[in-house]
Amino acid sequence: MSATPESALPIRLTIDDSDSPSDVVDALFLGRFATGEQSYSHSTSLDRVRSGATLLPSDATVLRAARDDDRSALLAEGEGWTLLVSRWNRGADVTVTATTPELAQKVLDEATNGAQDEPDPQPDSVTMGFWHLSPRRGPCRTTRQITAGAWDEVRTNYTAPVADAMDGLMKVTPDDIAGRLLLLHGPPGTGKTSALRTLARSWRDWCQVDCVLDPERLFNDVGYLMDIAIGEDDGTAKGRWRLLLLEDCDELIRGEAKHTAGQALSRLLNLTDGLLGQGRNVLVGVTTNEDLERLHPAVVRPGRCLARIEVGPLTRQESVAWLGTDEGLGRDGSSEGATLAELYALHRGTRPASVPKQDSGADAGLYL
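Reading guide: rules and limits
Residues numbered from 1 in each chain as written. Predicted model: local features only at pLDDT ≥ 70, side-chain atom pairs only at ≥ 80, totals over all residues. Heavy atoms only, no water. Helix = DSSP H or I, 4+ residues; strand = E, 2+ residues; numbered from the N terminus. Buried < 20%, exposed > 50% of the residue type's maximum accessible area, 1.4 Å probe, protein only. Contact = heavy atoms within 4.5 Å. Salt bridge = Lys/Arg side-chain N within 4 Å of Asp/Glu carboxyl O. Arc of directions from axis to C-beta. Core = buried A, V, L, I, M, F, W, Y, C linked by side-chain atoms within 4.5 Å. Phe/Tyr/Trp six-rings, centres within 6.5 Å; stacked < 30°, edge-to-face > 60°. Axes fitted to C-alpha atoms, helices over the stretch in contact; angles between N-to-C directions. Left-handed = near helix turned anticlockwise from the far one by under 90°. Nonpolar A, V, L, I, M, F, W, Y, C, P; charged D, E, K, R; others polar. Pairing = 2+ DSSP bridges.

1. So, the overall build of the protein
Thinking step 1. For the protein, the helix and strand inventory stands at 16 helices and 12 strands.
Thinking step 2. Relative to its 368 residues, the protein shows a buried fraction of 47%.
Thinking step 3. For the protein, restricting intrachain contacts to residue pairs at least 6 apart in sequence, the fraction spanning at least 24 positions comes to 67%.

Put into C-alpha cells, the structure is as follows:
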C-alpha cells in the first residue's frame with residue numbers, strides 16, 4: 001500500500017481553533033493528488049442522497065471520519081485511489097483521485113450508483129431547484145418537491161385581464177418562445193409567486209424551473225453567474241429549457257438601476273438576449289413590486305419579454321365571488337376589491353373586518 005495521506009501531503013498545516021476535524025480531512029485528501037501519486041480527479045454532487053447510502057465502494061477502507069454541526073467528512077482509500085465524501089443535510093459531494101482517469105471514474109460510479117434519491121412524482125407537485133452561493137462550497141443547487149395547483153384550479157385567484165394573459169402563458173411551448181424575459185409586476189400579495197409555481201407545473205415536461213435565492217449576488221459574481229447560466233444541469237444538456245426565477249428584484253430592474261446596480265443590469269440583459277444567452281435554453285423570470293413606469297426601459301423594450309404581466313388585486317365583484325360573501329370587503333357600494341393575500345386572510349378569519357388597500361405583512365408573503 002502507498003504512503004498514508006498525512007505523510008504524502010507536501011505542505012505544513014497550521015491548525016487553530018477556527019479549523020474543524022472536517023477541514024483536516026479535506027486537507028489530507030489532497031496529499032496524493034498534490035504529489036502526483038494519484039494524478040487524476042473526478043467528482044460529482046448529489047442534492048438528495050438516498051437514506052442508507054454509504055457513498056463508498058465495496059472494497060473501501062475508511063481512514064478518517066469527522067462530523068461537524070453542518071456537515072460530515074469521510075476519507076477512504078482503495079488500491080490506486082482515494083475518496084472524499086462531504087455530506088450536508090440531504091446532499092453530498094463525492095471526489096475521487098486515482099492513478100488513471102478510468103479508475104477515478106469507475107470508483108466514482110460505484111460509490112454513487114443508486115445513491116441519488118428520486119422521489120416518486122406527484123400529479124400536484126413539481127420538482128424545483130434552488131440555487132445559492134455557499135462560502136464553503138461555492139454555487140450550490142438543491143431540489144424540492146413543490147406543491148402547485150393546476151391552472152384551471154387557481155385561475156379564479158386572478159382578476160380577469162391577468163387570468164386572460166396567464167391563459168396564453170401556461171400553454172407556451174419551446175416553439176412559441178420569442179423573448180427570454182418573463183416579467184410579473186404589481187403590488188405585494190397579488191399572487192405572483194403562486195402563479196410561478198403553477199407555471200412550473202404547466203411547463204414541467206419541457207422546462208426545469210430553478211429559483212435563485214440570492215439574485216443580488218448572482219449578477220455581481222461572474223463565476224456564480226457562469227455556473228448557473230452556462231453549466232449543464234438536470235437535463236438541460238438534453239434540450240430541456242431552464243427558467244431562472246429571481247424574486248423581488250426591484251433594485252435590479254427599476255429605472256435608476258444602471259446607476260445603482262453597476263454591471264448587474266447589463267448582465268441580466270445579456271443573459272436574456274446577449275452573447276451570454278446565445279446557444280443556451282435559458283429563460284429568466286423576474287417578479288417586482290414596482291410600477292411598470294418605474295422600470296428601466298431596457299427591461300421592458302419590445303422583443304425582450306416573453307410575457308409582461310401586471311398582477312393586480314381582484315375587483316370587488318370578483319372578490320365577492322371568490323369569498324362567497326361581501327363581509328369584510330368594506331362598505332356597500334365601494335368599488336375596491338382585495339388582493340389574493342387579503343382574501344385568504346379573510347377566508348381564514350385572521351384579518352379584521354376592514355381590508356386596507358395594501359398589505360406587505362406576513363400574510364402577503366405567501367402570495368407575492
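Read on, since the account is not over.
2. Points about unusual backbone geometry
Thinking step 1. With a phi close to 60°, Leu55 is a non-glycine residue in the positive phi region.
Thinking step 2. Inspection of the secondary structure assignment puts Leu55 in the loop between strand S1 (40-46) and strand S2 (61-67).
Thinking step 3. Judged by relative accessible area, Leu55 falls into the buried class, the value being 2%.

3. With respect to the pattern of salt bridges
Thinking step 1. Under the criterion given, the structure shown has 9 salt bridges.
Thinking step 2. Salt-bridge contacts for Arg90 lead to Asp117; the nearest nitrogen and oxygen are separated by 2.9 Å. Placement of the pair is Arg90 in the loop between strand S4 (81-88) and strand S5 (91-98) and Asp117 in the loop between helix H4 (101-112) and strand S6 (125-134), with a sequence separation of 27 residues.
Thinking step 3. Given a relative accessible area of 37%, Arg90 falls into the partly exposed group.
Thinking step 4. Here the salt bridges share partners, and the residues they tie into one network are Asp47, Arg141, Asp210 and Arg242.

4. Examining helix H6 (residues 160-170)
Thinking step 1. Turning to H6, its buried residues are Val162, Ala163, Met166, Leu169 and Met170. The buried residues of H6 occupy an angular sector of 115° when the element is viewed end-on, so they sit on one face.
Thinking step 2. Considering only its buried residues, H6 is in contact with helix H5 (151-154), strand S8 (181-185), helix H7 (192-202) and strand S12 (305-310).

5. Notes on the environment of Ser319
Thinking step 1. Among the secondary structure elements, Ser319 is positioned in helix H14 (residues 316-323).
Thinking step 2. Its relative accessible area of 0% is what places Ser319 among the buried residues.
Thinking step 3. Through-space distance from the C-alpha of Ser319 to that of Leu329 is 8.1 Å; in sequence the pair is 10 residues apart.

6. Looking at the nonpolar core
Thinking step 1. Of all hydrophobic cores here, the largest spans 34 residues; its most connected members are Met166, Leu169, Leu199, Trp203, Leu243 and Ile309.
Thinking step 2. Counting residues per element, the ones that place at least two in this core are S6, H5, H6, S8, H7, strand S9 (207-212), strand S10 (241-246) and S12.
Thinking step 3. Of the residues forming this core, the biggest block, 5 residues, is contributed by H6.
Thinking step 4. One finds Ile228, Ala229, Leu246 and Val299 within the second-largest nonpolar core, a separate group that totals 26 residues.

7. A closer look at the packing of aromatic side chains
For any two aromatic rings, the description comes down to two numbers: the centre-to-centre distance and the angle of the planes.
Thinking step 1. Scanning all chains against the criterion turns up 3 aromatic pairs.
Thinking step 2. Summarising the aromatic geometry, the rings of Trp203 and Trp206 are spaced 4.8 Å apart at their centres and angled 35° between planes, so their arrangement reads as tilted.
Thinking step 3. Residue Trp203 is classed as buried on the basis of its relative accessible area of 0%.
Thinking step 4. We classify Trp206 as buried; its relative accessible area is 13%.
Thinking step 5. Ring geometry for Trp322 and Tyr344: centres 5.0 Å apart, planes at 70°, overall edge-to-face. Here Trp322, found in helix H14, pairs with Tyr344, found in helix H15 (residues 340-348); they are 22 residues apart in sequence, far enough to count as distant.

8. Brief notes about the packing of H14 against H15
Thinking step 1. Between H14 and H15, whose axes approach to 11 Å, the crossing angle comes to 35°. In the packing of H14 onto H15, the handedness of the crossing is right-handed. Of H15, the residues touching H14 (which contributes Ser319, Trp322 and Leu323) are Leu340, Leu343, Tyr344, Leu346 and His347.
Thinking step 2. Across the contact of H14 with H15, the residue classes tally to 6 nonpolar, 2 polar and no charged.

9. Focus on the pairing of S2
Thinking step 1. Note: S2 against strand S3 (residues 72-78), 6 bridges, orientation antiparallel. Each residue of the ladder has a partner; that of Thr61, found in S3, is Glu77.
Thinking step 2. The loop that links S2 with its antiparallel partner S3 comprises 4 residues.

Remember, this is a structural readout, not a statement about activity or role.
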